Amino acid sequence: MDKGLRFMLCVITTTLLLRESSQTGSTRNDAVRKGTDSRGPEESLPTLTVTTILEDPYVMVRSAELEGYCMDLLKALAAMLHFSYRVKVVGDGQYGAVSASGNWTGMVGEILRQEADIAVAPLTVTSAREEVVSFTTPFLQTGIGILLRKDTVSQDLSFFHFLAPFSKETWTGLLFAYVLTCFCLFLVARLSPCEWNEPKNEENHFTFLNSLWFGAGALALQGVTPRPKALSVRVIAAVWWLFTIALLAAYIANFTALLSAGSEQLPIQTFEDLVKQRKLEFGTLDGSSTFYFFKNSKNPIHQMIYEYMDKRRDHVLVKTYQEAVQRVMESNYAFIGESISQDLAAARHCNLIRAPEVIGARGFGIATTQASPWTKKLSIAVLKLRESGDLDYLRNKWWETSCLQQSRDGWSPLRPQALGGLFLTLAIGLALGVVAAVVELSNKSRHAAGHVKKSCCSVFTEEMCTRLRIKENTRQSQETSGRANA
C-alpha cells in the first residue's frame, strides 16, 4: 500500500514538473513576438493579437526580433493603454483585398476571421476596407507618387543651361549694372582732376572702351589696366569689385544646386507625363489600394494608367514593395505607390527619386474589428502621440537618409529681389563716386578761379566742358593747325 501511494505521488510530481517546464518553454518561444508594458503579469493585462506585414521600415526582422516604425508605435500604444500584445506576420503577405471568391485576403481577412484583433501596418484607409473593418485616426499621411531611377529619366541639358542660375530679369539687371558702372567710370575719370589733371596736354586712359574692358576684367576676377588714381574712380572700382565677387559667389552656388537638383532633370513630373512617354514601363502592387484607386477613378489620365496596368498585369504588377524597388533599380520601370514609402526608397537608394506630383491624399490607420472597444481608445492614443511630437520623432528616426539632401521642386533661378541689396550697394557706390569727382573738380575750379580772377561757377563750367569735349577740341585744333600750315 505504501509503495502504491509513493508511486502515485511520484507520478503526480513528475507531471506537474513537466507541465511547468512546457509552459516556460512556450513563453520563451513567444518572447520575440510578444510584448507588454512595464507592468507585471500579475495585473492580468488584456492581450491583443496583432497582425502586420514585413515592409521596411515599418516592420523588419533584425536578430530574430521584429523592429521598425510600427513596432515602436505599437510599443508606445501599449504603454499608454496598458495592454500586452502578440505580433504575427500575415500569412499570405497581402494587405487586404477582395479575392475572386469574394473573400478578403491579407490582414483585413485575418481580422474578419478573428485570427487577429488589430492590424498595425502601413494599411491604407479606404472606403472598401472601412465597410468591413474599423480604422483609427491615421498615424501617417501619404499619397500616390511615382518612383523613378535617376539615370532612366535624365534628359540632355540645354545648350544655354549655364544661364539658368539667374532669371532673365537678373541677367538684364546685371547687363544694365555693367554698362552703367562702366559709363560712370568713364564719366568720373574725365571729371576728376586727380585722374586727368591737364586735359589739353594729357591723354585720358579711361576711354569708354577701356572702361568696358576694366569692368569685364573685374567680372572675371582679373586685374586689368588702366589702374585708377583718383579717389572717386577708386570708390567706383572698389564697389564694382565687391558687387562682382558677391555675384559670382551667388552664381556658383546656384549653378551647383542646379546641376544636383533632380527636378531639373526629370521629364516625368506628373502622371500625364508618365502616360505620354514610351521609354518606361509602370505598375503598382497587385491588389493594393493604389491599383483600385486608378480602377475607380473617373479621371481620364487615371483610367489610361489603369487600362495599361490591367492589360499587362502579369508583367507590370509586382507582389511586394521590395520587388518593386529592386525592379526600378535594375530596369526601365516606374513604380506607382505610396509616396511616403517612395521617400524612404529615395533616402535609402541615392540613385532613386520620386516625381514631384502626388495625388490621392490618404492615410495609414490601425484596423480593428467593427464595434471593437479598442478603436476609439487607439484613435485617442494616436492623437496624443501626434500632439506630443512622438509621431514626428518616429518619422525622422526611420526615414533618416545618408544621401545628399537635394530639393526636387524648391529650386528656382535667382531673381533681382534676392540680389536687391547688392544692386542697391552698387548704386550707392556709383553715386558716391560721381559726387566725389564733382567735389574734386569743384576744389580745383575754386583754386583756379582765384588765379584767373573769374567766378568759381564759370571756371567749373569751363573745366567740365573741356573735359567732356576734349576730343572735339583736339580735332578742331588739329584742323586749324592744318589750315595754317597749308
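Residues numbered from 1 in each chain as written. Predicted model: local features only at pLDDT ≥ 70, side-chain atom pairs only at ≥ 80, totals over all residues. Heavy atoms only, no water.

1. Observations regarding the overall build of the chain
Scanning the chain from N- to C-terminus turns up 19 helices and 13 strands. The contacts in the chain between residues at least 6 apart in sequence include a share of 75% that link residues at least 24 apart. A total accessible area of about 26,600 Å² is found for the chain, and carbon and sulfur atoms account for 57% of it. (Helix = DSSP H or I, 4+ residues; strand = E, 2+ residues; numbered from the N terminus. Contact = heavy atoms within 4.5 Å. Areas by Shrake-Rupley, 256 points an atom, 1.4 Å probe, with all protein chains shown as cover.)

2. Brief notes about the pairing of strand β2 (residues 47-52)
Examined bridge by bridge, β2 and strand β5 (residues 84-89) share 6 bridges and lie parallel to one another. Residue pairing across strands places Leu48 opposite Tyr85, the latter belonging to β5. Across 2 bridges, β2 lies against strand β6 (residues 118-119) in parallel orientation. If you follow Val50 over to β6, its bridge partner there is Ile118. (Pairing = 2+ DSSP bridges.)

3. Quick notes on the packing of aromatic side chains
For the structure on display, the rule yields 21 aromatic pairs. A centroid spacing of 5.9 Å and a plane angle of 85° characterise the contact between Tyr58 and Phe364, whose relative ring orientation is edge-to-face. On the criterion of sequence distance, the pair formed by Tyr58 in the loop between β2 and β3 (60-62) and Phe364 in strand β12 (residues 359-364) is long-range, its members being 306 residues apart. Per residue, the accessibility class of Tyr58 equals that of Phe364, and both read buried. (Phe/Tyr/Trp six-rings, centres within 6.5 Å; stacked < 30°, edge-to-face > 60°. Buried < 20%, exposed > 50% of the residue type's maximum accessible area, 1.4 Å probe, protein only.)

4. Some remarks on helix α16 (residues 390-398)
Burial in α16 covers these residues: Leu391, Leu394 and Trp398. Seen end-on, α16 carries its buried residues on one side only, within an arc spanning 60°. Seen from the buried face of α16, the exposed residues on the opposite side, beyond 90 degrees, are Asp392, Tyr393 and Asn396. Contacts made by the buried residues of α16 are with β3, β4 (65-67), α2 (69-81), α14 (339-348) and α15 (374-387). (Arc of directions from axis to C-beta.)

5. Description of the packing of α2 against α15
When two helices pack together, their arrangement is given by the angle between their axes and by how far apart the axes lie. It is the contact of α2 with α15, at a shortest axis distance of 10 Å, that shows an interaxial angle of 110°. Compared by their axis directions, α2 and α15 come out roughly perpendicular. Side by side, α2 and α15 meet where Leu73, Ala76, Leu77, Met80 and Leu81 of the first sit next to Trp374, Lys377, Leu378, Ala381, Val382, Lys384 and Leu385 of the second. Split by residue class, the contact of α2 with α15 holds 10 nonpolar, no polar and 2 charged. (Axes fitted to C-alpha atoms, helices over the stretch in contact; angles between N-to-C directions. Parallel < 35°, antiparallel > 145°, perpendicular 65-115°, else oblique. Nonpolar A, V, L, I, M, F, W, Y, C, P; charged D, E, K, R; others polar.)

6. Some details on the pattern of salt bridges
In this structure the tally under the stated criterion is 12 salt bridges. A salt bridge links Glu110 to Lys88; the shortest N-O distance between them is 3.0 Å. Remark: Lys88 occurs in strand β5 and Glu110 occurs in helix α3 (residues 106-112); sequence separation between them is 22 residues. Residue class for Glu110 comes out buried when judged on its relative accessible area of 4%. Residue Lys88 is classed as partly exposed on the basis of its relative accessible area of 23%. (Salt bridge = Lys/Arg side-chain N within 4 Å of Asp/Glu carboxyl O.)

7. Notes on the side chain of Ser379
Along the chain, Ser379 falls in helix α15. Among the polar contacts made by the side chain of Ser379, one reaches the main-chain amide nitrogen of Thr137 at a distance of 3.2 Å. Not counting the four nearest positions on each side in its chain, Ser379 is found in contact with Thr136 and Thr137. (Polar contact = N/O pair within 3.5 Å; in protein donor to acceptor, adjacent residues only side chain to side chain.)

8. Digging into the confidence of the model for the chain
On average, residues of the chain carry a pLDDT of 79, and 74% of them reach 70 or more. Between the elements of the chain, mean pLDDT differs from a low of 45, seen in helix α19 (residues 470-485), to a high of 95, seen in β6. Low pLDDT, under 50, characterises residues 406-410; the stretch is placed with 11 contacts to residues that sit more than four places away or in other chains. Here residues 470-486 scores under 50 on pLDDT; set against residues more than four positions off or in separate chains, the count is 6 contacts. (pLDDT = per-residue confidence, 0-100.)

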